[in-house]
Amino acid sequence: MTIVPDTKDWTWVLQRPCPECGLDTQGFPREAVAGMIRDNAAAWQDALTGTADARRRPAPGTWSALEYGCHVRDVLRLYDERLQLMLTEDDPLYPNWDQDATAVADRYGEQDPVVVAAELAEAAEAVAVRFGGVSAGQWQRTGRRSDGAHFTVETFARYFVHDPVHHLYDVTGAR
């Protein structure tokens, strides 16, 4: 069964805690984001390689741990690119990304969970290093999505970190 695309605007997580995964994006210092990314990536290792079948979908319309892991890996890479744009250009407009088309084109469900786990860890470390290098004066730099959402590096960091945290909750059910 095909997964129904997620068309929700998740920017609301900047105003209130997520009732599903429990993350409060205002409940930690912005400088904690790099460590949160690393901790989340470590938990993904077990979710992808410590289960009997990371390829099995828990329900017909729900991604498998592997598919979620591929998505998170790609989100980590994408947000690293977007953060780099925000740090080097004035108010950049991010290129569009169709996450659902990517999942189909890249055949998320057919990838090797061990390879995905390693790639996810590598992508997490790269973006964690970049966030860890943000100076005090850079947290207010800006960037935009084509749908009109506008971010500072700080709101971008808080919005971004919700994605891998929430998807780990989707896979494990643990907050």
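The structure under discussion appears in the preceding block.
Presented here is an overview of the structure given in this document.

Conventions used here
Residues numbered from 1 in each chain as written. Predicted model: local features only at pLDDT ≥ 70, side-chain atom pairs only at ≥ 80, totals over all residues. Heavy atoms only, no water. Core = buried A, V, L, I, M, F, W, Y, C linked by side-chain atoms within 4.5 Å. Buried < 20%, exposed > 50% of the residue type's maximum accessible area, 1.4 Å probe, protein only. Helix = DSSP H or I, 4+ residues; strand = E, 2+ residues; numbered from the N terminus. Contact = heavy atoms within 4.5 Å. Phe/Tyr/Trp six-rings, centres within 6.5 Å; stacked < 30°, edge-to-face > 60°. Lys NZ or Arg CZ within 6 Å of the ring centre and 35° of its normal.

If you look at the biggest cluster of nonpolar residues, it comprises 52 residues, and the most contacted ones within it are Ile37, Trp44, Leu76, Phe131, Phe151, Phe156 and Phe160. Of all elements in the fold, only helix 1 (33-49), helix 2 (65-88), helix 4 (113-132) and helix 5 (153-172) reach the threshold of two or more residues within this core. Counting residues per element, this core draws most heavily on helix 2, at twelve residues. Beyond its immediate chain neighbours, meaning those up to four positions away, leucine 76 contacts Ile37, Leu120, Ala123, Ala124, Val127 and Phe160.

Scanning the model with the defined rule gives ten aromatic pairs in all. Look at tyrosine 79 and phenylalanine 156: their rings are 4.9 Å apart centre to centre, the planes differ by 25°, and that puts the pair in the stacked class. Remark: phenylalanine 156 occurs in helix 5 and tyrosine 79 occurs in helix 2; sequence separation between them is 77 residues. Each member of the pair, tyrosine 79 as well as phenylalanine 156, carries the same accessibility label: buried. Relative to phenylalanine 160, the ring of phenylalanine 131 has its centre 5.7 Å away and its plane inclined at 20°; by these criteria the two rings are stacked. On the criterion of sequence distance, the pair formed by phenylalanine 131 in helix 4 and phenylalanine 160 in helix 5 is long-range, its members being 29 residues apart. Comparing phenylalanine 131 with phenylalanine 160, the two get one shared label, buried. Linked through ring pairs, Tyr79, Tyr94, Phe131, Phe151, Phe156, Tyr159 and Phe160 together constitute an aromatic cluster. The ring of tyrosine 79 carries arginine 82 above its face, with NZ or CZ at 5.5 Å from the centroid. In this arrangement the basic side chain of arginine 158 is found over the ring face of phenylalanine 28, its NZ or CZ atom lying 5.1 Å from the centre.

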